[in-house]
Amino acid sequence: MAPPFVHSSAVVDDDVRIGDGSRVWHFCHVSQGARIGKNASLGQNVFVGRGVTLGNGVKVQNNVSIYEGVEIDDDVFLGPSCVFTNVLAPRAFIEKKAEYHPTRVGRGATVGANATIVCGNHVGPYALVGAGAVVTRDVPAYGLVVGNPARRVGWSCKCGVRLPDAPRPRCPSCGQSYIVEGEVCRPAPHAESAPDPIPLVDLRAEHAPLLPALVRAFERVVSSGEMILGEEVRAFEHEAAQTLGVSHAVGVSSGTDALLVSLMALGIGPGDEVVTSAYSFFASAGSIARTLATPVFVDIDLNTLNIDANAIASVITPRTKAIIVPHLFGLPADMRTIAKIAAAHGLFVIEDAAQAFMAKTPEGPVGGLGDIACFSVFPPKSRCAR
Ligand SMILES: *Cc1c(COP(=O)(O)O)cnc(C)c1O
């Protein structure tokens, strides 16, 4: 940090300490024994009385006199020409030096331009005294006071913005919440301040042991410059096909697009019907609707929550072209029964395996049990451990 700067027109008495980074501008007078913290700034024509303490980061604007008995905490802002007094009822012809009343301005508080703080009154931390106010009694922390005599008209956030009038006001600017009880205002503890909604999914614990490998893979992709498709996707397609025991795997942008692309590849469109489960993520039916074919719903088996394979036959019509079979929550649907029905009616089977990567059946992993299968790598999807 830079040593303090004192302008050559300023007068600094003996035994004064001024912290690093502080600046003392033109025509200031800093009296004997004064203590000024780091990074403070005294504007032009500021008087600092004997033994007065100013904290770190204090900003004093032009023409302010800080008399003996006044104590200024860290980060206080004193507006231009604001006034501190040190005797309650001064008389020019009566010496009242023994009657100095101490005055304290708490951390982070602001005193507006031309305001007067009558001695013996304390300004609480983060209080805001409006310009021209005359403070004749203590100002509570976070209090916003205006007028002569100064009255509290509201509360001020730590960030300086006026808080809404409420028992639990929340700063419209920075979001900090407060608790107001009578003449006391305090910041709400963090939990009350912003009740975190329960996250849909928290992958941190799952990712933690994989982090080094994930970072390495990320670096590999970034340094290759190939952000779309490329060698990584080819390798992934190859591995996926091998793992699932199928001849081809094709990377597309999402599980939803995989369903749509599958239906399009099978030539399904307006006038066609596609059977699917009444209970699934909406993409199972939504992708059918997007081809302008008609989704036809079949109820679920209450034991598995998957499509009731024995109920499929009853909804098949001459327009039925395919069945989309979701395997929900990692549990494969009854593919044996479905394969028989599909063969009997000449229907395509699309597995919606978005929630069942690596799920296995006696016939093999899901994904190789129908004509086409769709997967998703959306983070919270259920996956089966290897
Ligand atoms: C998530 C999901 C999809 C869609 O996958 P996205 O990658 O999110 O588009 C489709 N079907 C089911 C059953 C799903 O759970």
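In this text the structure is predicted, and so the values were computed from the model without any measurement. Numbering of residues begins from 1 in every chain and follows the order in which that chain's sequence is written. Thresholds applied to this predicted model are a pLDDT of at least 70 for local features of residues and 80 or more for the giving and counting of side-chain atom pairs; totals over whole chains, interfaces and linings are not thresholded and use all residues. Side-chain numbers here rest on the full set of heavy atoms in the structure, without hydrogens or water.

### What to know about the overall build of the protein
Right, on to step 1. For helices the rule is a DSSP run of H or I covering at least 4 residues; for strands it is a run of E covering at least 2, with both sets numbered from the N terminus onward. On a plain count of helices and strands, the protein comes out with 7 helices and 30 strands.
Right, on to step 2. For 386 residues, the compact-globule estimate of 2.2 N^0.38 gives 21 Å, and the C-alpha radius of gyration of the protein, at 37 Å, exceeds that figure by more than 25%.
Right, on to step 3. Overall size of the protein, expressed as C-alpha extent along the three principal axes, is 115 × 50 × 35 Å.
Right, on to step 4. When each of the 386 residues of the protein is scored for burial, the buried share is 39%.
Right, on to step 5. Contacts are residue-level and defined by heavy atoms, with any inter-residue pair within 4.5 Å sufficient. Within the protein, contacts between residues separated by at least 24 positions form 31% of all contacts whose residues are at least 6 apart in sequence.
Right, on to step 6. Counting only carbon and sulfur atoms, one obtains 57% of the accessible surface of the protein, whose full area is about 21000 Å².
Right, on to step 7. For the protein, the centre of its 32 positive side-chain charges and the centre of its 36 negative side-chain charges are spaced 8 Å apart. Computation of the radius of gyration draws on C-alpha atoms alone. For the globule rule, the value is 2.2 Å times the number of residues to the power 0.38. Burial classes: relative accessible area under 20% of the type maximum marks a residue as buried, over 50% as exposed, and values in between as partly exposed (1.4 Å probe, protein chains only). Here, Shrake-Rupley sampling with a 1.4 Å probe gives the accessible areas, and only protein chains in the shown set may cover a residue. Asp and Glu are treated as the negative residues and Lys and Arg as the positive ones, with His and the ends of the chain left uncounted. All charge positions are set by atom: Lys at NZ, Arg at CZ, Asp at CG, Glu at CD.

### Describing the pairing of strand β23 (residues 184-187)
Right, on to step 1. Two strands make a pair as long as DSSP finds a minimum of two bridges between them. Bridging between strand β22 (residues 178-181) and β23 involves 4 bridges; their strand directions are antiparallel. Paired with Ile179 across the strands is Arg186, a residue of β23.
Right, on to step 2. Taken together, β22 and the strand that follows it, β23, pair antiparallel across an intervening segment of 2 residues, in which Gly182 is found at a positive phi of about 60°.

### Re the pairing of strand β21 (residues 151-155)
Right, on to step 1. In the sheet, strand β20 (residues 143-146) pairs with β21 via 4 bridges, with the strands oriented antiparallel. Its bridge partner lying in β21, Leu144 is registered against Gly154.
Right, on to step 2. Counting the residues in the hairpin turn of β20 and β21 gives 4 residues, including Gly147, whose phi is positive at 90°.

### Considerations on the pattern of salt bridges
Working definition: two side chains of opposite charge can pair if their charged atoms are close together.
Right, on to step 1. By salt bridge we mean one thing: a side-chain nitrogen of Lys or Arg within 4 Å of a carboxyl oxygen of Asp or Glu. Scanning the entire structure with this criterion turns up 13 salt bridges.
Right, on to step 2. With its nearest N and O atoms 4.0 Å apart, the salt bridge here joins Glu71 to Arg104. Here the residue Glu71 occupies a position in strand β12 (residues 70-72), and Arg104 occupies one in strand β15 (residues 103-105), the gap between them amounting to 33 residues.
Right, on to step 3. Residue Glu71 is classed as partly exposed on the basis of its relative accessible area of 35%.
Right, on to step 4. For Arg186, the salt bridge is made with Glu181, and the minimal N-O distance between the two is 4.0 Å.
Right, on to step 5. Taking the relative accessible area as the measure of exposure, Arg186 reaches 36% and is therefore partly exposed.
Right, on to step 6. Judged by relative accessible area, Glu181 falls into the partly exposed class, the value being 49%.
Right, on to step 7. Linked by salt bridges that have partners in common, Glu71, Asp73 and Arg104 make up one network.

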